[in-house]
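# Reading the structure
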Amino acid sequence: MQDKIKKIIDDLRVEIKSVVSEEALVNLEQKYFSRKSGVLSDLMKNLATLGVEEKKVMGKILNDAKVLMEEIVGSARSSIEKSNFEEIAKTEAIDITAPQISAKDPGTIHILSRIERDLEKVFTSMGFIVFDGPELESDYYNFTAVNIPPHHPARDMQDTFYITGHPNWVLRTHTSSTQVRALQKYGAPIRVIVPGRCFRNEATDARHEHTFDQLEGMVVGHDVSFAHMKGVIKEFLSKIFNTEVEVRYRPKFYPFVEPGVNVELSCFLCAGKGCRVCKKTGWLEIGGAGMIHPNVLREGGIDPENNQGFAFGFGIARIVMLRYGISDARYFLSSDLRQYISE
Amino acid sequence: MLLSYKWIKEFVDLADSVTPDEVAARLKASTVEVEKVTHLGENLNKITVGRVISADAHPNADKLKVCQVDLGRETVQIVCGGSNVVANMLVAVAEIGARVRWHGEGELVELGPVKLRGVDSAGMICASSEIGLGDIFPAHDEKEILDLTKHDFKPGVNLAEALVLDDAVMEIENKSLSNRPDLWGHYGIAREVSVLFHRDLKKYETIKINEGKSKIKVSADAALAPRYMAVKMRNVSISPSPSWLVNKLNAVGVNAVNNIVDVTNFVMLELGLPLHAFDARSFPKDKIIVRAAESGEKIKTLDGKEYGLKEGEDIVIANDSEALCVAGVMGGEKSGVQSDTTEIVIESANFAPSSIRRTSTRLGLRTDAAMRFEKSLDPNLCPIALARAVELIVKVCPGAEVVTSVTDVKKFNLPVGPISVDYTKIDSVIGAVVDRKEINRILTALGFELKEKKTGVSVKIPTWRATKDVGIAEDIAEEVLRIWGYANVAPAMPKFSITPPEQDARRHLVWQVRDSLSLISQFSELKLYSFVSPDTLKKLNINPADCLTLDNPIAKDRPFLRPSIIVNLLEALESNLHRYDRVAIYEIGRVFDPNGSGPRTEKNSPELLPSQNVKLGIVYSAKGNEQPYFAVKEALRQIANESGLEFKFVKPKNVLSYAHSGRTAEIFVGAECVGVIAELHPANAKAMGISVRASFAEIDLDICANLRKSVRKYIDISEFPQVTRDMAIIVPRNVQHADIVAAIMNTNSLVTRVKLFDVYEGEKIDVKKKSVAYHITLGAGDHTLGTEEIENVLQMILKTLRDKFTAELRS
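Residues numbered from 1 in each chain as written. Chains lettered and ligands numbered in written order. Predicted model: local features only at pLDDT ≥ 70, side-chain atom pairs only at ≥ 80, totals over all residues.

What follows is about the overall build of chain A. In terms of regular secondary structure, chain A is built from 11 helices and 10 strands. For chain A, buried positions account for 40% of its 343 residues. Look at the contacts in chain A between residues 6 or more apart in sequence, and 65% of them connect residues 24 or more apart. (Helix = DSSP H or I, 4+ residues; strand = E, 2+ residues; numbered from the N terminus. Buried ≥ 20, exposed ≤ 12 C-beta atoms within 10 Å, placed from the backbone. Contact = placed C-beta atoms within 7 Å.)

Written out as structure tokens, the structure is:
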């Protein structure tokens, strides 16, 4: 009996070597394990004829043999499957560089909105409130409140849109129109930014748009200084341009600040060497800034004896143009979807 | 404004090692914008004075001349395209080997011998811009060559030597001087240079006027002219100025006219105060009247044009019978110096800046004089400038003498302080400690008079800075900071409480809307102009009376402020439909409603600005989609999902003028109407040139932001199975989905969800009816539903639907 078993196992080992398909393996399984006619099943049936003790011994031997044979078949099966998969990998190979056919284009978020989100993130992380004000503003908040009284020559510097029938309404020429509104609402100390649409009655060309977005920033507190302004401006520009920027300040007159400066960024396109974009100066003007004039603080209900602060106003389009290499300011208000959807 | 470096150096003894470029760089960093520095005479090698002997027609070209040019040592033939070239003209000749800038543009190019249309040309007769002299000799047209005939130059002399071009000219941006009345002349700039380079400023010395006995009477309104000085001179003979004067004026781009006018211009360029010289015959009674223009008054000025004056606003200089001159803006044609003038009256005055500004702007006369007077000049310049002018007239016009006493009518009061400034205030504005000695040096050198006190200084403001520029401690801090240097201030971060900033609910919502529309619903965000055209309004049947109008629109065809965010989006839809089959766009921005109330015009003012809420506009169209309404509604559902707003769609009470009345709804959040959704009315679509069905929605995000539920609650998944059954019913067409869903949900508490999955209208059923099919989900929180229980609920639902909507099961 034991010899018989050994022979069966040996036979299986020999036969299984020539099996290469799942189908042949199933046939071989049938030959050995089939309940009705399997070689092993036949031996099992013989057990019934044996005595109790012998049955015990032979039963164990038979069972061990069965486990062993199943292992042999199992390992043959996994090697057949493995080679099958290798074949499948070849026959089912795809062009991994091809795109999904007729994939839907995603929608787009406007580039000015995207930069606005970045700006808001940087400033809110520094504790700034994001504030807003009307685009159609009173002459008072747009001019008088920020130290530009009627007939002040500075009114000439900004070509203003006026509203028929309402001589004291204007389309705001700058986001500085929100300075006094914010001071009146929140008082001091305050950190606030105001991104928003402004309007100037100027002919539109590659560098100018009559409708444009500005970023106003304002910090007022007991001892807020010009040094703090330099710190905050450098920090946010470095974050926005994702590089350590160099900033230069030059004198510039704005009625609502004293001292007032122009803010210029070292041209990172040419690393300050001078290129077409920076007009060979190595510097790019990105906005104005300065220490808030005491008259403006007073209009906002803030005592200038105990408070001082700085404000700045940057052209958002300017920042976007520099960051993304856009050369024409008219791009931003275009309705042509080809600019937004890549094909 | 152009500045001569040599002229500046007359007042500051700069070291020879200092270059004009260094001076310009320091001025840029601390004082004004210097746009460029031109080194005169630079690149003028082999540029020679020549005399045109003959200028004959070119055999092969109409616009060219063949010239024989005397260069002193030789005569050369040059082909010239200059429109003004004639025989005997003195010209600038670029010889072979000279470097010129073609047409004043691009890089310098070295000249070689050439044939032009078959004729040899040995060099070039130059336009001023081609040899870098465009600023000081501006050409009237592009083809004009530089005419040197009026100079007494010998042919063959190097041009730089002939013109004494060893100077450098700085071009200052006028705008950057708008708050600095003291910097409109060389002396003022020299003062800045002296401070920046730690050199002494030379005192401006004048010779006392040797007054005569007679008197000129001046009647001046102090509100119009805070100061008016005049003096009369005789034995004047009008002639060309000597070359030192001509060269000085030319260097800064001012043309020489005659000795008297040149002197007044010289003094203006030096001190910044414009003077005017009258022919004394203009004042037959020796009486000068400074007054506001009268009704209907007209004046013919130096430029030969006649201007109507504005009563009570324009200031004129007049005699008893007529206005002679638009004061501070432009002289009159007849009253100025003439060729036969022998007696003159010199005016040295100060006029009300805002009046000068308004007059010059209105008349379009932005003259050198007006630009200066409108900046609030120091009235104390008047006697200095007058003395200087008299001194120079005597110099250029030997024999000339003053015949009257100096009349000086004045009434002004400058706020020169003193103001008290603590050093610590300066420190705290700057955020750095500047050495006290340096503070004192800077201020003293700028002309401030200091008295040291315990904690700071008492500062007396120099009159030339007191007219409007400097008045408070912050101004003093600025003076110190700009001279000390912005770059010297180390950046620092302010100290603030770390309390998180207040969040703006609408801004938050706007971001959720953008994310939802762009990233989930595949819409593209546009930003369009806030201005709309009457043409488009008409196409949409929108009444222009509901729009605010611009007084001064930049685009004449877009004078209205947008009353709705949809208007320009529909234009954008139309243009993009030419390129895309599916156009899904939106914009978020303010719209202007003249009938709504917005913020106050001033803190306590009763006047309100018009409402200008932030609105979301969505526009959608896709070829083949006959019911685009649902695509827009789906986009809104995604927004609702993202933001927690619960939109309800209700049959509108008022249908928009451009909405399809059968396909429009008002959008509600709770009890508040927040917007509208509709298909574009076919008639309006046609008018707009839109040939496919389009739908849109407009929602007020300012209102929505206040209606959001702050917290959404989690609902447990029931541990007992849910069962879904489908039910298709036929109902009259006007029965609304929302009502059916509400009815089903209300029938029994075991109904957990009702979802529409099919709508059918068509041949197979009654034309007045529609078939709607729902997945109805049932479940209980505490047990598994039995078959009978389920059947029971379904029957109840069916009964409800029959009763309410005359629904019948579709077989």
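This next bit is on the confidence of the model for chain B. All names here are of chain B. This prediction gives chain B a mean pLDDT of 93; 100% of its residues lie at or above 70. At the level of individual helices and strands, chain B shows its lowest average pLDDT in helix α3 (residues 159-162), which scores 87, and its highest in strand β37 (residues 694-700), which scores 98. Listed scores for the predicted complex are pTM 0.84 and ipTM 0.84. (pLDDT = per-residue confidence, 0-100.)

Right, let's talk about the nonpolar core for a bit. All names here are of chain B. Formed by 292 residues in total, the largest nonpolar core has its most connected members in C126, V316, I346 and I393. With 11 residues, helix α9 (residues 381-396) is the largest single contributor of residues to this core. Residues in contact with C126, not counting those within four places in the same chain, are I47, A92, A94, V100, I131, I145 and L146. (Core = buried A, V, L, I, M, F, W, Y, C linked by C-beta atoms within 7 Å.)

This next bit is on the packing of helix α1 (residues 2-17) of chain A against helix α4 (residues 52-91) of chain A. Residues and elements named next belong to chain A. For the pair α1 and α4, the least separation of the axes is 11 Å and the interaxial angle reads 0°. As the angle between them shows, α1 and α4 are arranged roughly parallel. In contact with Q2, I5, I9, L12, R13 and I16 of α1, α4 contributes I61, L62, A65, L68, M69, I72 and A76. In the contact of α1 with α4, the residues fall into 11 nonpolar, one polar and one charged. (Axes fitted to C-alpha atoms, helices over the stretch in contact; angles between N-to-C directions. Parallel < 35°, antiparallel > 145°, perpendicular 65-115°, else oblique. Nonpolar A, V, L, I, M, F, W, Y, C, P; charged D, E, K, R; others polar.)

The next thing to look at is the sheet that holds strand β1 (residues 2-4) of chain B. Residue and element names in this part refer to chain B. Ordered by their spatial adjacency, three strands build an open sheet running β1-β12-β2, and the pairing between neighbours is antiparallel. Each edge of the open sheet carries a strand with a single partner, namely β1 and β2 (34-39). Strand-to-strand twist in this sheet, taken as the mean axis angle between neighbours without regard to direction, amounts to 25°. With three bridges connecting them, β1 and strand β12 (residues 168-172) associate as antiparallel partners. For S4, the partnering residue across the bridge sits in β12 and is V169. Contacting β2 and β12, helix α2 (residues 20-30) crosses the sheet at an angle of about 175° to β2. (Pairing = 2+ DSSP bridges.)

Contacts between the two partners involve 71 residues from chain B, matched on the other side by 63 residues from chain A. Ranked by the residues each element gives to the side of chain B that touches chain A, the list is headed by helix α13 (residues 473-484) of chain B, at six residues. Partitioned by chemical class, the residues of the side of chain B that touches chain A number 33 nonpolar, 19 polar and 19 charged.

Compared with the 22 Å implied by 1.5 Å per residue over 16 residues, the 22 Å span of helix α14 (residues 505-520) of chain B between its first and last C-alpha is a close match. Within α14 of chain B, burial applies to L509, V510, V513, R514, S516, L517 and S518 of chain B. Where α14 of chain B is buried, its residues touch α5 (111-125) of chain A together with β27 (524-525), β30 (582-590), β33 (614-622), α17 (629-643) and α19 (701-705) of chain B. Q522 of chain B sits one or two residues past α14 of chain B and shows a positive phi near 65°. (Expected span 1.5 Å × (residues − 1).)

It is worth spelling out the sheet that holds strand β39 (residues 751-760) of chain B at this point. All names here are of chain B. Pairing is antiparallel in the open sheet, where four strands are placed in the order β39-β40-β38-β41. Edge positions in the sheet fall to β39 and β41 (808-809), since each has one partner strand and no second. Bridge analysis of strand β38 (residues 723-732) against strand β40 (residues 769-778) gives 10 bridges, and the strand direction is antiparallel. Looking at β40, one finds that T724 is bridged to T777. Of the strands in this sheet, β39 and β40 are in contact with helix α20 (residues 737-747), which crosses β39 at around 150°. Contacts from helix α21 (residues 787-805) reach β38, β39, β40 and β41, with the element oriented near 15° to β38.

Turning next to the packing of α5 of chain A against helix α9 (residues 226-241) of chain A. Geometry of a packed helix pair, given as the angle between the helix axes and the separation of the axes. All names here are of chain A. It is at 10 Å that the axes of α5 and α9 come closest, and there the two elements cross at 135°. Classified by the angle between their axes, α5 and α9 sit oblique to one another. With respect to the hand of their crossing, α5 and α9 are arranged in right-handed fashion. Mapping the contact onto sequence places D118, L119, V122 and F123 in α5 and F236, K239 and I240 in α9. Along the lines of polarity and charge, the residues of the contact of α5 with α9 split into five nonpolar, no polar and two charged. (Left-handed = near helix turned anticlockwise from the far one by under 90°.)

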